[in-house]
Amino acid sequence: MNELLFALFLLAGFLLGTLFFGHLFYFAAISLPNLVRNSGNSTFGETLIEMIRKVIPLLIWIALSVGLVMVINNYFSFYIKLFYCGLAIAFIFSVSGFKRITGK
C-alpha cells in the first residue's frame, strides 16, 4: 500500500504541476501577447471577454492546486514532500519547454 501511495502522490504532483505550469507559461508566452497584438482590431469589450476566457483555466488550476495541497497537508502529511517533488519535476519540464518554444 505504501508503494501505491508513493507513486500516486508523486504522479499527482507531476500531472497537476504539468497542467498548471503549462497553462501559466502558455498564457504568459503565447496567449497574452497575441491578445495584446490583436486588441487594436477589436473593441474593449471583445478584448475583455477574450481575456476572461483565457484566464479562467488558469484560475481553475490554481484553485484545484490549492485545494489538493490543503487536503494532502491535512490528511496525508507524510506524502506532501512527494507531491511537491512531482510539482518541482513538472516545473523543470515546463521551463525547458518554455525555453524551447520562445528560443531563449
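Residues numbered from 1 in each chain as written. Predicted model: local features only at pLDDT ≥ 70, side-chain atom pairs only at ≥ 80, totals over all residues. Heavy atoms only, no water.

Q: Looking at this structure, I do not really get helix α3 (residues 80–102). What am I missing?
A: Since the α-helix advances by 3.6 residues per turn, residues separated by three or four positions end up pointing in the same direction. Taking 1.5 Å per residue, 23 residues should reach 33 Å; α3 reaches 32 Å between its end C-alpha atoms and fits that length. Buried within α3 are the following residues: I80, L82, F83, G86, L87, A90, S94 and G97. Of the surrounding secondary structure, the elements contacted by the buried residues of α3 are α1 (2–38) and α2 (44–75). (Helix = DSSP H or I, 4+ residues; strand = E, 2+ residues; numbered from the N terminus. Expected span 1.5 Å × (residues − 1). Buried < 20%, exposed > 50% of the residue type's maximum accessible area, 1.4 Å probe, protein only. Contact = heavy atoms within 4.5 Å.)

Q: Honestly, the nonpolar core in this entry has me stumped. Any pointers?
A: General note: in soluble globular proteins, nonpolar side chains tend to be found buried as a group. F9, F20, F21, I72, Y79 and F83 are the most contacted members of the largest nonpolar core, which totals 17 residues. For this core, the secondary-structure elements that each account for two or more residues are α1, α2 and α3. A per-element tally of this core places α1 first, with seven residues. F9 has contacts with I72, F76, Y79, L82 and F83, leaving out every residue within four places of it along the chain. (Core = buried A, V, L, I, M, F, W, Y, C linked by side-chain atoms within 4.5 Å.)

Q: Explain the environment of K54 to me, please; I cannot follow it from the model alone.
A: By secondary structure assignment, the location of K54 is in helix α2. For the pair K54 and Y26, spaced 28 residues apart in sequence, the C-alpha to C-alpha distance is 10.0 Å. Setting aside its immediate chain neighbours within four residues, K54 contacts F27 and S31.

Q: Any chance you could explain a nonpolar patch on the surface here in plain terms?
A: Nonpolar side chains collect at one region of the surface, where F44, L48, I52, I56 and I60 lie side by side and expose about 510 Å² of accessible area between them. Mapped onto the elements of the fold, I52 is located in helix α2. (Patch = residues over 30% accessible without salt bridge, like charges linked within 9 Å, V, L, I, M, F, W, Y side chains within 5 Å. Areas by Shrake-Rupley, 256 points an atom, 1.4 Å probe, with all protein chains shown as cover. Salt bridge = Lys/Arg side-chain N within 4 Å of Asp/Glu carboxyl O.)

Q: Just checking my understanding: could you explain the packing of α1 against α2 for this structure?
A: In the contact formed by α1 and α2, the axes pass within 11 Å of each other and the chain directions differ by 160°. The orientation of α1 relative to α2 falls into the category roughly antiparallel. Handedness of the α1/α2 crossing: left-handed. Partitioned by chemical class, the residues of the contact of α1 with α2 number 17 nonpolar, four polar and two charged. (Axes fitted to C-alpha atoms, helices over the stretch in contact; angles between N-to-C directions. Parallel < 35°, antiparallel > 145°, perpendicular 65-115°, else oblique. Left-handed = near helix turned anticlockwise from the far one by under 90°. Nonpolar A, V, L, I, M, F, W, Y, C, P; charged D, E, K, R; others polar.)

Q: Looking at this model, I keep getting lost on the side chain of S94. Mind explaining?
A: Mapped onto the elements of the fold, S94 is located in helix α3. Residues contacting S94, with those up to four places away along its chain left out, are T18, F21, G22 and F25.

Q: Quick question: what am I supposed to make of α2 here?
A: Taking 1.5 Å of rise per residue, 32 residues should cover 46 Å, and α2 covers 46 Å from first to last C-alpha, within 8% of that figure. For α2, the principal kink sits at V55 and spans about 30°; a proline, P57, occurs within the next four residues. Inspection of α2 places T47, L58, W61, S65, V69 and I72 among the buried residues, and these make up the whole buried set. Buried positions along α2 lie against α1 and α3. (Bend = angle between axes of the 7 residues up to and from the residue.)

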